[in-house]
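# Fold and geometry: a report
So you can see what is in the structure, the chains are spelled out below.
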Amino acid sequence: MQSTKSQTSNVQIQDPPNSQMANKEPEIITDKTQMRKWSRGMRSQGKTIGFVPTMGFLHEGHIALVKEARNHADLVVVSIYVNPGQFSPSEDLSTYPSDINGDIQKLMAVPGGVDVVFHPHNLYDYGTTNPSVENVNGSGGDEERNVGVVSCLENNGLGHETWVKVERLEKGMCGKSRPVFFRGVATVVTKLFNIVDPDVALFGKKDYQQLRIIQRMVRDLDFAIKIIGSEIVRESDGLAMSSRNVHLSPEEREQALSISRSLSRARIAAEKGQINCRELKESVIKAIEEAGGRVDYAEIVDQESLVAVEEIKSPVVFCVAAWFGKVRLIDNMEIDM
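What this report covers is the structure whose coordinates are included nearby. What you are looking at is a predicted structure, and each value in this text was computed from that prediction instead of being measured.

### Brief notes about the pairing of strand 7 (residues 200–204)
Burial of strand 7 is extensive: four of the five residues sit out of reach of the surface. Bridge analysis of strand 4 (residues 49–54) against strand 7 gives two bridges, and the strand direction is parallel. Counted as the bridge partner of Phe51 is Ala201 from strand 7. In this sheet, strand 8 (residues 226–230) lies alongside strand 7 in parallel orientation, the contact comprising five bridges. Bridging from a neighbouring strand, Gly204 pairs with Ser230 of strand 8. In this region the chain leaves strand 7, passes through helix 9 (residues 208–220) and returns to the parallel neighbour strand 8; the handedness of that crossover is right-handed.

Put into structure tokens, the structure is as follows:
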């Protein structure tokens with residue numbers, strides 16, 4: 001059993017019975033048609049498929065999801081794809097960290113291994129471009145002014161026009177400062193579900209709003225897929241694991257600990273009877289700003305509806321996003337009352 005402990009969480013991952021199968025080399029599939037063919041072939045044999053979608057540069061949080069997937073399915077597929085549809089042109093798509101060879105080695109070390117790594121080059125390559133979209137994104141005319149905020153995908157004029165939006169849940173928190181993000185996430189996850197055709201898919205709770213959006217999308221669109229949310233995995237000092245942590249300087253990384261530490265104090269205060277959300281939020285914002293961070297948002301919301309609350313009377317989650325230098329980090333902590 002692998003145990004990851006910190007002052008803010010205690011995640012324990014049970015290795016599956018076939019743990020002796022470490023160092024299994026996964027099949028690497030890059031083509032959508034081949035991926036779909038593999039899944040259909042496995043399903044025809046009565047096999048169940050667990051799926052872990054990632055953007056690569058894997059850390060122990062991702063590995064925890066893979067290990068958990070082995071407990072829920074016969075076979076495990078991990079996708080590695082940095083999705084341009086969820087980045088705006090001003091965000092860090094071009095600098096998002098990547099290490100595909102290192103990722104494969106990490107997956108090979110997982111007890112039980114991974115059966116397939118789906119690593120497509122471009123999920124939005126349809127073999128043709130759409131001239132009308134290119135004109136909209138490059139003409140500078142009236143049409144362009146009416147497009148509104150666009151993603152890197154639209155900015156490149158690839159012709160993709162169909163988007164999946166979970167209207168209410170994507171508003172607020174990350175949706176406020178990253179207006180194309182959840183539309184891009186819901187769309188690419190829909191595409192991946194249609195290609196991989198899994199029975200179960202796993203998402204980390206660090207991206208709490210994303211998890212709830214995917215769960216709602218699966219419910220509303222009748223995907224026959226079970227969505228499992230896995231607990232946040234943290235460094236030994238409490239920092240939530242993130243692929244973006246690599247961009248933090250030593251000083252910024254120390255400052256970033258203010259997020260998990262202040263959230264932990266807020267949860268303890270709530271458990272002791274401090275249920276006024278305004279006061280709890282102010283304490284967290286103050287701690288992060290005093291440490292040198294810049295708060296994007298600090299919200300206490302209902303765990304299911306993500307509606308902000310004024311007093312804690314039922315299970316909530318305290319969600320925070322903050323900048324340290326040029327790195328934006330998110331974290332959260334559930335408070336069960």
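### Quick look at the packing of helix 1 (residues 32–44) against helix 8 (residues 181–196)
Helix 8 packs onto helix 1 with a crossing angle of 55 degrees between their chain directions and a minimal axis gap of 7 Å. Viewed along their axes, helix 1 and helix 8 adopt a mutual orientation that is oblique. Judged by residue contacts, Lys32, Met35, Arg36 and Ser39 of helix 1 engage Asn194, Ile195 and Val196 from helix 8. Its residues assigned to classes, the contact of helix 1 with helix 8 comprises three nonpolar, two polar and two charged.

### Some details on the sheet that holds strand 9 (residues 294–302)
Read across the sheet, three strands follow the order 9-10-11 without closing on themselves; strand pairing throughout is antiparallel. In this open sheet, the two strands that pair with only one neighbour each are strand 9 and strand 11 (327–335). Direction aside, the axes of adjacent strands within the sheet are offset by 10 degrees on average. As judged from the eight bridges shared by strand 9 and strand 10 (residues 316–324), these two strands associate in the antiparallel manner. Its bridge partner lying in strand 10, Val301 is registered against Val317.

### Describing the side chain of Asn332
Take Asn332: it is sitting in strand 11. When its relative accessible area of 4% is taken as the criterion, Asn332 is described as buried.

### A few points about the packing of aromatic side chains
Going through the model one piece at a time under the given rule, you end up with four aromatic pairs. Ring centres 4.8 Å apart and planes at 65 degrees place the aromatic pair Phe181 and Phe182 in the edge-to-face group. Here the aromatic cluster, defined as three or more aromatic residues joined through ring pairs, consists of Phe51, Phe193 and Phe223. Here Arg178 stacks its cationic end above the ring of Phe87, 5.9 Å away from the centre of that ring.

The rules we used
Residues numbered from 1 in each chain as written. Predicted model: local features only at pLDDT ≥ 70, side-chain atom pairs only at ≥ 80, totals over all residues. Heavy atoms only, no water. Buried < 20%, exposed > 50% of the residue type's maximum accessible area, 1.4 Å probe, protein only. Helix = DSSP H or I, 4+ residues; strand = E, 2+ residues; numbered from the N terminus. Pairing = 2+ DSSP bridges. Right-handed = clockwise from strand over helix to strand, strands pointing away. Axes fitted to C-alpha atoms, helices over the stretch in contact; angles between N-to-C directions. Parallel < 35°, antiparallel > 145°, perpendicular 65-115°, else oblique. Contact = heavy atoms within 4.5 Å. Nonpolar A, V, L, I, M, F, W, Y, C, P; charged D, E, K, R; others polar. Phe/Tyr/Trp six-rings, centres within 6.5 Å; stacked < 30°, edge-to-face > 60°. Lys NZ or Arg CZ within 6 Å of the ring centre and 35° of its normal.

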